[in-house]
Amino acid sequence: GIQVEQSPPDLILQEGANSTLRCNFSDSVNNLQWFHQNPWGQLINLFYIPSGTKQNGRLSATTVATERYSLLYISSSQTTDSGVYFCAVVQETSGSRLTFGEGTQLTVNP
Amino acid sequence: DAGITQSPRYKITETGRQVTLMCHQTWSHSYMFWYRQDLGHGLRLIYYSAAADITDKGEVPDGYVVSRSKTENFPLTLESATRSQTSVYFCATRGGSSYNSPLHFGNGTRLTVT
């Protein structure tokens, strides 16, 4: 099946810093989503971005489907950005199954 | 609009017991999913359903049973709980008839099997 790799696995930032999280996938995909799992365990849908670029406040994401990667940018990070960021993909051949990466653990210190 | 409601939020049960985790959605989304999240394994798909009375296995279905008699409910049953099933369980939904729409998660159920 498709492999989804996220990097870095862990990231520690000072408040106000910018960061880039990466998601590589091993085959073509039809759907890609970024999620944030907050310290309380909730999974929050950040972006649905099978291709192109989207922005939502301090967060933006870019997916280059032809090169099989997606990037999540966090600018002016805040302590509330802490948590785990997951990338998940769907292939048409797999039906409706989302395959998740292992996540990036982000800690933003005050 | 509650969206997706999972119950209970926390559950402790003993090995060998049957336990059912509930998932209810108010969106009338076609697709519903059950994932488990374990340290070192990320999120893995247990079962999913494309519509009422249609279910299919995911990556890790063994030891679990699902049913979907109504569009809004998708219960997950552990027929004889084992310690390896201690995990956080997430229900998710997706609207539309294909993969081209986003997935939304419930708040999860933390299950401990002693």
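Every chain is numbered on its own, with residues counted from 1 as its sequence reads. Written order determines the labels here, with chains lettered from A and ligands numbered from 1. Local features in this predicted model are restricted to residues of pLDDT 70 or higher, and side-chain atom pairs are both shown and tallied only at a pLDDT of 80 or more, whereas totals for entire chains, interfaces and linings draw on every residue. Hydrogens and water molecules were not included; the side-chain quantities draw on all heavy atoms of the structure.

(A) Focus on the pattern of salt bridges. Residues and elements named next belong to chain A. Criterion for a salt bridge: a side-chain nitrogen of Lys or Arg within 4 Å of a carboxyl oxygen of Asp or Glu. This model, assessed by the stated rule, comprises five salt bridges over all chains. A salt bridge links Arg-68 to Asp-27, with the shortest nitrogen-to-oxygen separation between them at 4.0 Å. Residue Arg-68 is located in the loop between strand 7 (59-64) and strand 8 (69-74), and its partner Asp-27 is located in the loop between strand 3 (19-25) and strand 4 (31-37); the two are separated by 41 residues in the primary sequence. Each residue is placed in one exposure class: buried if its accessible area under a 1.4 Å probe, protein chains only, is under 20% of its type's maximum, exposed if it is over 50%, and partly exposed if it falls in between. Given the relative accessible area of 33%, Asp-27 is considered partly exposed. Asp-81 is the partner of Arg-58 in a salt bridge, and the nearest nitrogen-oxygen pair spans 2.9 Å. Highlighted residues: Arg-58 in the loop between strand 6 (52-56) and strand 7 and Asp-81 in the loop between strand 8 and strand 9 (83-90), separated in sequence by 23 residues. Helix and strand definitions follow DSSP, with helices as H or I runs of at least four residues and strands as E runs of at least two, each counted in order from the N terminus.

(B) Geometry of the interface of chain B and chain A. Any two residues whose heavy atoms approach within 4.5 Å are treated as being in contact. With 22 residues of chain B at the interface, the matching set in chain A holds 19 residues. For the pair chain B and chain A, the two sides together bury roughly 1,800 Å², of which 52% comes from carbon and sulfur. In this assembly, chain B and chain A are joined by zero salt bridges. N or O atoms closer than or at 3.5 Å make up a polar contact, with two conditions inside protein: a donor-capable atom paired with an acceptor-capable one, and, for residues adjacent in sequence, both atoms drawn from side chains. For the interface between chain B and chain A, the tally reads four residue pairs in polar contact (both at pLDDT 80 or more). Those elements that place two or more of their residues in the side of chain B that touches chain A are strand 4 (31-38), strand 5 (42-51), strand 9 (87-94) and strand 10 (103-105) of chain B. Residues are grouped as follows: Ala, Val, Leu, Ile, Met, Phe, Trp, Tyr, Cys and Pro are nonpolar; Asp, Glu, Lys and Arg are charged; all remaining types, including Gly, are polar. Classifying every residue of the side of chain B that touches chain A gives 11 nonpolar, nine polar and two charged. Put simply, buried area is the surface a 1.4 Å probe can reach on two separate parts but cannot reach once they are joined, added for both.

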